[in-house]
Amino acid sequence: MARMTGGEAIVKALAREGVKVAFGLPGVQLYGIVTAFRDEPIRFITVRHEGSSTYMADGYARAGGGIGVAVAVPGPGLLNAAAGLNTAYSASSRVLMIAGQIPRHQIGKKLGVLHELDNQLDAIAGSTKWRQSIMQVADAPRIVHEAFGQLRSGRPRPVAIDMPWDTMEEEVDVTLTAVGPHPAPAAAPAADIDRAAEALLRAQRVAIYVGGGVNLSGAHAALAAVAEHLQAGVVETAEGKGAISDASDLSLGAGLFPKSPLRRYLDAADVVLAVGSRCVLAMFPPDQQVIQIDADVDEIGRNHKKTSGLVGDAKATLEALLERLRAGGKPRASQKAEREKIREEVAGFMTQEPNSSILRSLRQGIPQDATVIAGMTQIGYFSRPFFPVYHPRTYITSSYSGNLGFEYPTALGAKVANPNRPVVMIAGDGGFLYYAQEMATAVQQGINVVAVVFNDNAYGNVARDLDEHWGGKFAAELHNPDFVRLAEAYGAVGRRAKEPAEVGKLIADAIQMDRPVLIEVPVGRMARPVFFSPLKTLPRYQH
């Protein structure tokens, strides 16, 4: 037993759970916890906007740094952080949100005190899987440990705790009980694995469809071994890119758009093994048998009725399934030639310009082991089906949340997780300016991300769609700063491409600088990506 404040009790509990980094913005209701970080081996990175704290924590977690921790003041601070929580929720990312709270005796009284927000944890209920208030100092170690149990079990989604600022500053005797190990992720039940193995061994044609759950669980080696044994090509979602290296013929990539040969390949399978994906975009034929591995029982069959479920961790379940497959039969004859033909067909769709030339330049200039944050911008969209990814956890999107502006702070978090690995962010001018002020954080903290900003002086996707399908330009054109001078004003390096396809060379040079770098790439309007569904135009807006 030792005497400590509520803030110290939280931070000591974080350290005992293995936390190395926290991202946050100090404020008056956080003094008790911010000062506690000084006395523990946890790096506290001060951000310039609370929204960045959760994006950075998410990038840190998804790039492999462990559990990402964000800290914010109550009320508006927590609400600012909510957008990043929503992205982490959609991407099933392990993020712990720690918020301050108004004094205990004022909660629920609607007095109008500083940063008051009634039922503040309820305000983020849709973006967290679990939430708990810590009202007494002595409860902090237990509740923090429970939060980590939630993060490390089942589907990994954000959790949140808050603490009143008087509790955070109150000093009492606290017992830091021994922190036992959290249960290891479990495989699906053996009987279910046996049934799945029998179905896969009976099938004439097996295809594999994978999502972000493979990356989150570290199931890459097991996935490759199962695919090799079954000679099943692997089709990925955008979040699943890197689940199997695109250097392998087993990888068919993430180009599952309506006219893609991947659609034909999946439809021809009598059994599809789906791993770590909600399957919402898979559009399997109604009579196709799907075997779905997912940590979340609620996802089994949600988007396809003819589904058999394997509820368990992707890595543990695939390893058990592989053992059963090997015991049940020899590896199938090679189907490499068929897969190589399909890969060539998919590559044949990469003809749209200037997108294709830009993407090839990006891939040439970005090291294969670098982490890429693919933003909500034209080249980001184009990268989903066509940008090769060679290593797990090296391609990060905003998943179905689709947040404009997530790119730069997420990239900073990913770089903190892997400081020796290059990190390249792809954003548009509109999205980058959401959090451009975090260049100050990058310079101050030595977080050497390369930010690539494609500048068309507009919210480009919206501007094009409104102009071409809704009667003309409206509300989407932008006035921008000089991006090179903006970077230099923050103490970063600024560069401007003379032509879009020069971007790869500029990136390669920027990585060697080992400094925060911003590369502006001036572009014109880009055509609607060939794989996007066509937009309908109301008769009154037809030209």
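That block above? That's the structure.
Here's what I pulled together on the structure shown here. Note that the structure is a prediction, hence the values are computed from the model and not measured. (Residues numbered from 1 in each chain as written. Predicted model: local features only at pLDDT ≥ 70, side-chain atom pairs only at ≥ 80, totals over all residues. Heavy atoms only, no water.)

### Some details on the overall build of the protein chain
Argument step 1. Counting its secondary structure elements, the protein chain contains 20 helices and 20 strands.
Argument step 2. For the protein chain, the spread of C-alpha atoms along the principal axes amounts to about 70 × 60 × 50 Å.
Argument step 3. Counting every position in the protein chain, which comprises 543 residues, the buried fraction comes to 56%.
Argument step 4. Counting contacts in the protein chain only where the partners sit at least 6 residues apart, residues at least 24 apart contribute 73% of the total. (Helix = DSSP H or I, 4+ residues; strand = E, 2+ residues; numbered from the N terminus. Buried < 20%, exposed > 50% of the residue type's maximum accessible area, 1.4 Å probe, protein only. Contact = heavy atoms within 4.5 Å.)

### Notes on helix α13 (residues 355–365)
Argument step 1. With respect to burial, α13 is a largely interior element, eight of its eleven residues being buried.
Argument step 2. Elements in contact with the buried residues of α13: α14 (378–386), β17 (423–428), β18 (450–455) and α20 (503–513).

### Looking at the packing of aromatic side chains
To describe a pair of aromatic rings, you give the distance between the ring centres and the angle between the ring planes.
Argument step 1. This model, assessed by the stated rule, comprises 17 aromatic pairs.
Argument step 2. Between W470 and Y541 the ring centres are 5.6 Å apart and the planes differ by 50°, which places this aromatic pair in the tilted class. Pair noted here: W470 is in the loop between α18 (460–469) and α19 (483–490) and Y541 is in the segment after β20 (517–522), with a separation of 71 residues, a long-range link.
Argument step 3. Overall, the relative accessible area of 41% leaves W470 in the partly exposed class.
Argument step 4. For Y541, a relative accessible area of 27% translates into the label partly exposed.
Argument step 5. Among the aromatic side chains, those forming a connected cluster through ring pairs are F257, F349, Y381, F382, F386, F531 and F532.
Argument step 6. Note that R157 overlies the ring of Y89, its terminal NZ or CZ placed 3.7 Å from the centroid.
Argument step 7. Sitting above the plane of the Y395 ring, K241 keeps its charged end 5.2 Å from the centroid. (Phe/Tyr/Trp six-rings, centres within 6.5 Å; stacked < 30°, edge-to-face > 60°. Lys NZ or Arg CZ within 6 Å of the ring centre and 35° of its normal.)

### Here's the deal with the sheet that holds strand β9 (residues 206–210)
Argument step 1. With parallel pairing, the six strands of this open sheet are ordered in space as β11-β10-β9-β12-β13-β14. Where the open sheet ends on each side, the last strands, each with one partner, are β11 (251–253) and β14 (307–311). This sheet shows a mean twist of 20° between the axes of neighbouring strands, independent of strand direction.
Argument step 2. Pairing of strand β13 (residues 289–294) with β14, which is carried by five bridges, proceeds in the parallel orientation. Paired with I291 across the two strands is S308, which belongs to β14.
Argument step 3. In the packing of helix α7 (residues 190–202) onto the sheet, contacts are made with β9, β12 (271–275), β13 and β14, and the angle to β14 comes to roughly 135°. (Pairing = 2+ DSSP bridges. Axes fitted to C-alpha atoms, helices over the stretch in contact; angles between N-to-C directions.)

### Quick notes on the sheet that holds β17
Argument step 1. One open sheet holds the six strands; their spatial order is β16-β15-β17-β18-β20-β19, and the pairing between them is parallel. Two strands close off the open sheet at either side, each with one partner strand: β16 (395–396) and β19 (493–496).
Argument step 2. Looking at chain direction, β19 and β20 are connected through four bridges and run parallel. Following the sheet pairing, G494 is matched in β20 by L518.
Argument step 3. Contacts from α20 reach β17, β18, β19 and β20 within the one sheet, and its direction differs from that of β20 by about 170°.

### A few points about unusual backbone geometry
Argument step 1. Going from E353 to P354, the amide bond is cis rather than trans, its omega being 5°.
Argument step 2. Looking at where P354 falls in the secondary structure, it is placed in the loop between α12 (336–347) and α13.
Argument step 3. Even without being glycine, N457 reaches a positive phi, approximately 55°.
Argument step 4. You can see N457 is positioned in the loop between β18 and α18.
Argument step 5. The class for N457 is partly exposed, based on a relative accessible area of 37%.

### Side note on a nonpolar patch on the surface
Argument step 1. Side chains of Y434, Y459 and V462 sit close together on the surface and give an oily, nonpolar patch of about 270 Å² of accessible area.
Argument step 2. Here Y459 lies in the loop between β18 and α18. (Patch = residues over 30% accessible without salt bridge, like charges linked within 9 Å, V, L, I, M, F, W, Y side chains within 5 Å. Areas by Shrake-Rupley, 256 points an atom, 1.4 Å probe, with all protein chains shown as cover. Salt bridge = Lys/Arg side-chain N within 4 Å of Asp/Glu carboxyl O.)

### Re the side chain of E438
Argument step 1. Within the secondary structure, E438 sits in helix α17 (residues 438–445).
Argument step 2. In this structure E438 is buried but unpaired, with R48 as the nearest side chain of opposite charge at 6.1 Å.
Argument step 3. When sequence neighbours within four positions are dropped, the list of residues in contact with E438 reads V47, R48, H49, S52, M56, Y408 and L412. (Lys, Arg positive; Asp, Glu negative; His and termini not counted.)

### Digging into the environment of L30
Argument step 1. Looking at the secondary structure, you find L30 in the loop between β2 (21–24) and α2 (31–34).
Argument step 2. Put simply, L30 and P164 are 134 residues apart on the chain and 9.1 Å apart in space, counted from C-alpha to C-alpha.
Argument step 3. Beyond its immediate stretch of four places on either side in the chain, L30 contacts L25, V71, A72, V73, G100 and M168.

### Observations concerning the packing of α7 against helix α11 (residues 314–328)
Argument step 1. Axis separation between α7 and α11 bottoms out at 9 Å; the angle between their running directions is 55°. By the criterion of interaxial angle, the relationship of α7 to α11 is oblique. As α7 packs across α11, the resulting crossing turns out to be right-handed. On α11, the residues that touch I193, D194, A196, A197, E198, L200 and L201 of α7 are T317, A320, L321, R324, L325 and G328.
Argument step 2. For the contact of α7 with α11, the residue count by class is eight nonpolar, two polar and three charged. (Parallel < 35°, antiparallel > 145°, perpendicular 65-115°, else oblique. Left-handed = near helix turned anticlockwise from the far one by under 90°. Nonpolar A, V, L, I, M, F, W, Y, C, P; charged D, E, K, R; others polar.)

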